[in-house]
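Okay, here's what each chain looks like letter by letter:
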Amino acid sequence: MEFGLAALASQLVVGLSRAMILFIVCAGLSFVLGVLRVPNVAHGSLYMIGAFSAYGIAMRLFGGSSAGFWLALILAPFVVALVSLIAERALFCHLYEREHLMLLLFTFALMLIFGDLVKIIWGAEYRSVSPPALLRGSVSMFGASIPRYNLFLLIIGPLVAIGLWLFTNKTKIGKISRAAAVDREMVSVIGINVSWVFAAAFVIGCYLAGLGGALVAPTVSVTLGMDHTIIIEAFLIVTIGGLGNMWGALVGSLIFGVTHSFGVLLWPQFAIVFPYAAVVIVLFLRPRGLLKSVW
Amino acid sequence: MFRGIIDLKSLWPIAAIFIVLLILPPILPRFYTYILALIFVTSLLAMSLNLVLGHGMIFQFHHGVFYGVGAYTAALMLAKSSLPMWVGFVAGPLMAAVVGLIIGWFCVRLTRLYFGMLQISLGSLIWAIVFRWYSFTGGDDGIHGIPMPPLISSLNNAYYFILIILVICLVALYLILKSPFGSTLEAIRDNPQRCEAVGVNVRRHQLMAIVISTFFAGIAGVLFVVLERSVFPDLLFWVLSLEIFIMCLLGGWFTFAGPILGAAIMVALRTFIGIFTEYWTLILGVILILLIFFLPEGVMGYFLEGFKPHAKEVAERRGE
């Protein structure tokens, strides 16, 4: 098995850019898990809605123009946030007192509903989104040609991480939601409306799912079923990182993305086995995740 | 030995249902016979999960893997080996139990959600191997047209075979739950610390429960092969595992027969809504939400009011 530096570098970039997408999705999942204590199975469906909305805005409304893409990148996550806000205020917020497994059941029902709504609105065909002119083509580095779009993802990922860090540490609502994650009763005792904190946390988490979906759209074929693949990966990443820990989501995503891309180099047929094996090893060595969990 | 374990009076309705199920196939159209048989298989699967989930509070998140392993083992034996056919039927559940032992051995070190997550990752490993190993498992195409012994090759005979195995398994599960082992398992569910303090080996009991439950899941897998004569990797995919989990919650996981009801509801809804509209998951989702809002204790829990205090009590203890 021989592979040169070029193949190694290009796979590394592919793995890292995949990790950035995973991180954005997982950070949202982890945030919801930390604050609401709900394993949101519908998170993957919101990611899918994000990808399809990006397709709808960029390709249908703007015919694949560059401006359409940038607009989709901004608007699609808001579409997802709006959908999640409606679901939260209309249904979910009445269930917080229930047992956690019932909440899991509820998010499963949401997953079923969202999946079919996507099918009704956009159909079951494979869709693709073309990246804007600026990010088309590739640049050559270390003798490998690396798609510009992947480099763009490598820039966006850390930006989102910094933004999230600023949000959770520097803004009032961020601080309140962190406090609610640790001790929700105490938060409500000092006169904060926990129900709205939960709503805000849920919507922000889902916004990130939508952002991940919009960002991934140009790199994959947008299709039904992409929700099922992402959500299981996201749950595993969040677990190995430490439940509710944003940096844990980043570490977990890097492990998952990079092991997968090196799996492609080593043994393409069984590439998908590598990240799962990595998760098994991590969980076996550190059962509670790599970083501190809020649970 | 059964005295005191089985209440004869409550046996009458069950016997009546059994007799009705016995005389149905010649009367029913083929399609309904098939659906009933599918409900039986799914019921056994959900019951096997509930042994560890409802009675042991072990978050077996990837139960589908053992179902799939049982089905694939039987299918591979029947389709690709020249061994006598019954070997495949026996090997399915045994293989599922062996995989259950291995995965369980790793998982019982962790608790709750972490247990479930480790199991999902281990299970996904197996799924990924089955999904990609084209030369052996047929990859994402699966294996189709698996030969069956002539005795159970017709649909009606397969129906009777599945029904009889189901009844035997249900009796066995019931006896296991009423045995000292079953009581210990429920005691561990209600208070693991106290059980440990009085000298119960919690992990070993949990591991044993997992092995038993995966064995029955393997039987369900074999029965699936008998009914469908094909296997495909979706049997091991986590979506199916989640569905089984949901069946237990939906039917009422603190009751013995709740999962059967949950399985019947899921299979029936899927089939009959599927006839009218392509968008059956949408309607299934809406129905699930209605059930969550109006029947919080699960469907079975709603009918068996007596279980309510117990279910709540356990739920409260868990919520600590």
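Before any of the text, the structure's been laid out above.
Here the structure is a predicted model, which means the values were calculated and not measured.

1. As for the overall build of chain B
And step 1. When helices and strands are counted, chain B shows 15 helices and two strands.
And step 2. When burial is assessed residue by residue, chain B has 54% of its 320 residues classed as buried.
And step 3. A fraction of 77% describes how many contacts in chain B between residues 6 or more apart in sequence connect residues 24 or more apart.
And step 4. Within the structure as shown, chain B displays about 14,000 Å² of accessible surface, and the carbon and sulfur contribution to it stands at 70%.

2. Notes on the environment of Thr111 of chain B
Residues and elements named next belong to chain B.
And step 1. Summarising the element assignment, Thr111 is placed in the loop between α4 (85–107) and α5 (112–132).
And step 2. Residue classification places Thr111 among the partly exposed positions, given a relative accessible area of 46%.
And step 3. A sequence separation of 163 residues divides Thr111 from Gly274, and the C-alpha atoms of the two residues are 38 Å apart.

3. Digging into empty space enclosed by the protein
And step 1. Applying the stated criterion to the full structure yields three cavities of 30 Å³ or more.
And step 2. Quantified by volume, the largest cavity comes out at close to 200 Å³.
And step 3. Along its surface, the largest cavity is lined by 13 residues, and Val41 and Leu104 of chain A together with Phe61, Ile120 and Leu242 of chain B are the ones closest to its centre.
And step 4. Elements supplying a minimum of two residues to the lining of the largest cavity: α9 (226–241) of chain A together with α5 and α11 (238–251) of chain B.
And step 5. Residue contributions to the lining of the largest cavity peak at four residues, all from α11 of chain B.

4. Topic: helix α8 (residues 180–190) of chain B
Residues separated by three or four positions in an α-helix point in the same direction, a consequence of the helix having 3.6 residues per turn.
And step 1. Within α8 of chain B, the full set of buried residues consists of Phe181, Gly182, Thr184, Leu185, Ile188 and Arg189 of chain B. Angularly, the buried residues of α8 of chain B cover 160° about the axis, an arc narrow enough to put them on a single face.

5. Examining the pairing of strand β2 (residues 144–147) of chain A
Walk down a regular strand and you will see the side chains alternate between the two sheet faces.
All names here are of chain A.
And step 1. Covered by surrounding structure in β2 are Ala144 and Ile146 only, the residues Ser145 and Pro147 on the alternate face being uncovered.
And step 2. One ladder, built from four bridges, connects strand β1 (residues 138–141) with β2; its direction is antiparallel. Its bridge partner lying in β2, Ser138 is registered against Pro147.
And step 3. Taken together, β1 and the strand that follows it, β2, pair antiparallel across an intervening segment of two residues, in which Phe142 is found at a positive phi of about 50°.

6. Describing the packing of helix α6 (residues 172–182) of chain A against helix α8 (residues 194–216) of chain A
Residues and elements named next belong to chain A.
And step 1. Between α6 and α8, whose axes approach to 10 Å, the crossing angle comes to 105°. Put simply, α6 runs roughly perpendicular to α8. The segment α6 lies against α8, with Ile173, Ile176, Ser177 and Ala180 engaging Val197, Phe198 and Ala200.
And step 2. Broken down by class, the residue content of the contact of α6 with α8 amounts to six nonpolar, one polar and no charged.

Reading the values: rules and limits
Residues numbered from 1 in each chain as written. Chains lettered and ligands numbered in written order. Predicted model: local features only at pLDDT ≥ 70, side-chain atom pairs only at ≥ 80, totals over all residues. Heavy atoms only, no water. Helix = DSSP H or I, 4+ residues; strand = E, 2+ residues; numbered from the N terminus. Buried < 20%, exposed > 50% of the residue type's maximum accessible area, 1.4 Å probe, protein only. Contact = heavy atoms within 4.5 Å. Areas by Shrake-Rupley, 256 points an atom, 1.4 Å probe, with all protein chains shown as cover. 1 Å grid on protein atoms, 1.4 Å probe; cavity = no way out; pocket = protein on both sides within 12 Å on 5 of 7 lines; lining within 4 Å. Points joined across faces, edges and corners; volume = space filled by probe spheres on them. Arc of directions from axis to C-beta. Pairing = 2+ DSSP bridges. Axes fitted to C-alpha atoms, helices over the stretch in contact; angles between N-to-C directions. Parallel < 35°, antiparallel > 145°, perpendicular 65-115°, else oblique. Nonpolar A, V, L, I, M, F, W, Y, C, P; charged D, E, K, R; others polar.

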